[in-house]
Amino acid sequence: MASPPEQGSRALRRVVRGFTAATIASMAAGIWLSIATTDWMWFARSGAVITALGLVLASRKVLIARADLMALLQDMERVDGAERTARLESFKRLQRDLDRQVMEKAGFALLILGTLVWGFGDLVGRI
(Lines give C-alpha, C1' and ligand atoms only; values in the text may rest on other atoms or scores of the structure.)
Protein backbone atom coordinates (compact mmCIF):
# COMPACT_ATOMS: atom_id res chain seq x y z
CA MET A 1 0.00 0.00 0.00
CA ALA A 2 1.29 3.47 -0.87
CA SER A 3 2.20 5.88 1.87
CA PRO A 4 0.11 9.05 2.34
CA PRO A 5 2.56 11.31 0.42
CA GLU A 6 2.61 8.90 -2.54
CA GLN A 7 -1.19 8.73 -2.54
CA GLY A 8 -1.31 12.52 -2.38
CA SER A 9 1.07 12.85 -5.32
CA ARG A 10 -1.08 10.56 -7.45
CA ALA A 11 -4.20 12.42 -6.44
CA LEU A 12 -2.59 15.75 -7.27
CA ARG A 13 -1.54 14.50 -10.69
CA ARG A 14 -5.10 13.27 -11.36
CA VAL A 15 -6.54 16.63 -10.34
CA VAL A 16 -4.11 18.56 -12.54
CA ARG A 17 -4.77 16.20 -15.48
CA GLY A 18 -8.51 16.68 -14.98
CA PHE A 19 -8.20 20.45 -14.93
CA THR A 20 -5.95 20.34 -18.00
CA ALA A 21 -8.51 18.23 -19.86
CA ALA A 22 -11.31 20.59 -18.86
CA THR A 23 -9.24 23.56 -20.04
CA ILE A 24 -8.53 21.96 -23.41
CA ALA A 25 -12.20 20.97 -23.80
CA SER A 26 -13.34 24.51 -22.97
CA MET A 27 -10.94 26.08 -25.45
CA ALA A 28 -11.80 23.54 -28.16
CA ALA A 29 -15.53 24.13 -27.67
CA GLY A 30 -14.98 27.88 -27.79
CA ILE A 31 -12.94 27.64 -30.98
CA TRP A 32 -15.45 25.25 -32.60
CA LEU A 33 -18.42 27.48 -31.74
CA SER A 34 -16.54 30.56 -32.92
CA ILE A 35 -15.70 29.01 -36.27
CA ALA A 36 -19.23 27.62 -36.67
CA THR A 37 -20.90 30.95 -35.91
CA THR A 38 -18.10 33.25 -37.14
CA ASP A 39 -18.44 35.03 -33.81
CA TRP A 40 -15.21 34.87 -31.80
CA MET A 41 -16.99 35.96 -28.63
CA TRP A 42 -17.53 32.24 -27.97
CA PHE A 43 -13.79 31.71 -27.73
CA ALA A 44 -13.55 34.67 -25.37
CA ARG A 45 -16.28 33.16 -23.23
CA SER A 46 -14.31 29.93 -22.94
CA GLY A 47 -11.72 32.04 -21.12
CA ALA A 48 -14.26 32.69 -18.37
CA VAL A 49 -14.59 28.93 -17.85
CA ILE A 50 -10.81 28.54 -17.76
CA THR A 51 -10.52 31.39 -15.26
CA ALA A 52 -13.10 29.70 -13.04
CA LEU A 53 -11.12 26.44 -13.25
CA GLY A 54 -7.96 28.31 -12.32
CA LEU A 55 -9.67 29.86 -9.31
CA VAL A 56 -10.86 26.48 -8.12
CA LEU A 57 -7.43 24.93 -8.62
CA ALA A 58 -5.61 27.82 -6.95
CA SER A 59 -7.94 27.66 -3.96
CA ARG A 60 -7.88 23.86 -3.77
CA LYS A 61 -6.35 23.97 -0.29
CA VAL A 62 -9.61 25.41 0.96
CA LEU A 63 -11.62 22.70 -0.79
CA ILE A 64 -9.55 19.69 0.25
CA ALA A 65 -11.35 17.38 2.65
CA ARG A 66 -9.71 16.91 6.01
CA ALA A 67 -10.31 13.15 6.11
CA ASP A 68 -6.77 12.16 5.09
CA LEU A 69 -5.15 14.50 7.56
CA MET A 70 -7.46 13.38 10.34
CA ALA A 71 -6.71 9.71 9.60
CA LEU A 72 -2.99 10.43 9.73
CA LEU A 73 -3.34 12.33 12.99
CA GLN A 74 -5.34 9.48 14.50
CA ASP A 75 -2.63 7.05 13.40
CA MET A 76 -0.02 9.26 15.01
CA GLU A 77 -1.88 9.17 18.31
CA ARG A 78 -0.83 5.52 18.53
CA VAL A 79 2.83 6.43 18.11
CA ASP A 80 4.61 7.96 21.06
CA GLY A 81 6.66 11.10 21.60
CA ALA A 82 9.52 12.00 19.28
CA GLU A 83 8.54 9.64 16.46
CA ARG A 84 5.05 11.10 16.40
CA THR A 85 6.37 14.65 16.28
CA ALA A 86 8.85 13.81 13.53
CA ARG A 87 6.20 12.10 11.41
CA LEU A 88 3.78 14.98 11.85
CA GLU A 89 6.36 17.61 10.90
CA SER A 90 7.48 15.57 7.91
CA PHE A 91 3.92 15.17 6.68
CA LYS A 92 3.10 18.85 7.15
CA ARG A 93 6.23 19.91 5.28
CA LEU A 94 5.56 17.53 2.41
CA GLN A 95 1.93 18.55 2.08
CA ARG A 96 2.82 22.25 2.06
CA ASP A 97 5.46 21.68 -0.62
CA LEU A 98 3.16 19.64 -2.86
CA ASP A 99 0.32 22.10 -2.51
CA ARG A 100 2.52 25.06 -3.29
CA GLN A 101 4.43 23.56 -6.16
CA VAL A 102 1.63 21.83 -8.01
CA MET A 103 -1.64 23.53 -7.24
CA GLU A 104 -0.48 27.11 -7.07
CA LYS A 105 1.56 26.97 -10.27
CA ALA A 106 -1.13 25.16 -12.22
CA GLY A 107 -3.89 27.37 -10.86
CA PHE A 108 -1.92 30.52 -11.57
CA ALA A 109 -1.21 29.39 -15.13
CA LEU A 110 -4.92 28.73 -15.72
CA LEU A 111 -5.81 32.13 -14.28
CA ILE A 112 -3.42 33.86 -16.67
CA LEU A 113 -4.53 31.82 -19.70
CA GLY A 114 -8.21 32.16 -18.92
CA THR A 115 -7.98 35.89 -18.29
CA LEU A 116 -6.11 36.48 -21.56
CA VAL A 117 -8.56 34.39 -23.58
CA TRP A 118 -11.52 35.97 -21.82
CA GLY A 119 -10.23 39.47 -22.41
CA PHE A 120 -8.88 39.15 -25.94
CA GLY A 121 -10.35 35.95 -27.41
CA ASP A 122 -12.84 37.79 -29.59
CA LEU A 123 -9.97 39.55 -31.36
CA VAL A 124 -8.64 36.26 -32.79
CA GLY A 125 -11.26 36.37 -35.55
CA ARG A 126 -10.09 39.81 -36.60
CA ILE A 127 -6.55 38.72 -37.36
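The structure displayed is predicted, hence computed values, not measured ones.

A. Structural context of the nonpolar core. Counting 11 residues, the largest nonpolar core consists of L12, V15, F19, M27, F43, I50, L53, L57, M103, L110 and V117. Contributions of two or more residues to this core are made by α1 (4–37), α2 (41–58) and α5 (81–120). Those residues within four positions of F43 in sequence are excluded, and the remaining contacts are M27, G30, I31, S34, V117, G121 and V124.

B. Representation of unusual backbone geometry within the structure. Notably, T38 is not glycine yet its phi reads approximately 55°, a positive angle. Within the element layout of this structure, T38 appears in the loop between α1 and α2.

C. Examining the packing of aromatic side chains more closely. Applying the stated criterion to the full structure yields one aromatic pair. For the ring pair W40 and F43, a centre distance of 6.1 Å and an interplane angle of 85° mean the geometry is edge-to-face. Looking at R45, its charged tip hangs above the ring of W42, at a distance of 5.1 Å from the centre.

D. Spotlight on the UniProt feature "transmembrane region" (unreviewed entry) in the chain. Here, the residues flagged by UniProt with the feature "transmembrane region" (unreviewed entry) are residues 15–34, 40–58 and 102–121. Along residues 40–58 one finds 95% helix and 0% strand; the C-alpha atoms at either end are 28 Å apart. As annotated, residues 102–121 has a helix share of 95% and a strand share of 0%, and its two end C-alpha atoms lie 27 Å apart.

E. Seen up close, a positive patch on the surface. Judged by side-chain charge, R10, R13, R14 and R17 come together as a positively charged surface patch. Counting through the fold element by element, R13 comes out in helix α1. Residue classification places R13 among the partly exposed positions, given a relative accessible area of 46%.

So, how was this worked out
- Residues numbered from 1 in each chain as written.
- Predicted model: local features only at pLDDT ≥ 70, side-chain atom pairs only at ≥ 80, totals over all residues.
- Heavy atoms only, no water.
- Core = buried A, V, L, I, M, F, W, Y, C linked by side-chain atoms within 4.5 Å.
- Buried < 20%, exposed > 50% of the residue type's maximum accessible area, 1.4 Å probe, protein only.
- Helix = DSSP H or I, 4+ residues; strand = E, 2+ residues; numbered from the N terminus.
- Contact = heavy atoms within 4.5 Å.
- Phe/Tyr/Trp six-rings, centres within 6.5 Å; stacked < 30°, edge-to-face > 60°.
- Lys NZ or Arg CZ within 6 Å of the ring centre and 35° of its normal.
- UniProt positions renumbered as here; feature names shortened; annotations may be inferred.
- Patch = residues over 30% accessible without salt bridge, like charges linked within 9 Å, V, L, I, M, F, W, Y side chains within 5 Å.
- Areas by Shrake-Rupley, 256 points an atom, 1.4 Å probe, with all protein chains shown as cover.
- Salt bridge = Lys/Arg side-chain N within 4 Å of Asp/Glu carboxyl O.
- Lys, Arg positive; Asp, Glu negative; His and termini not counted.
- Charge placed at Lys NZ, Arg CZ, Asp CG, Glu CD.

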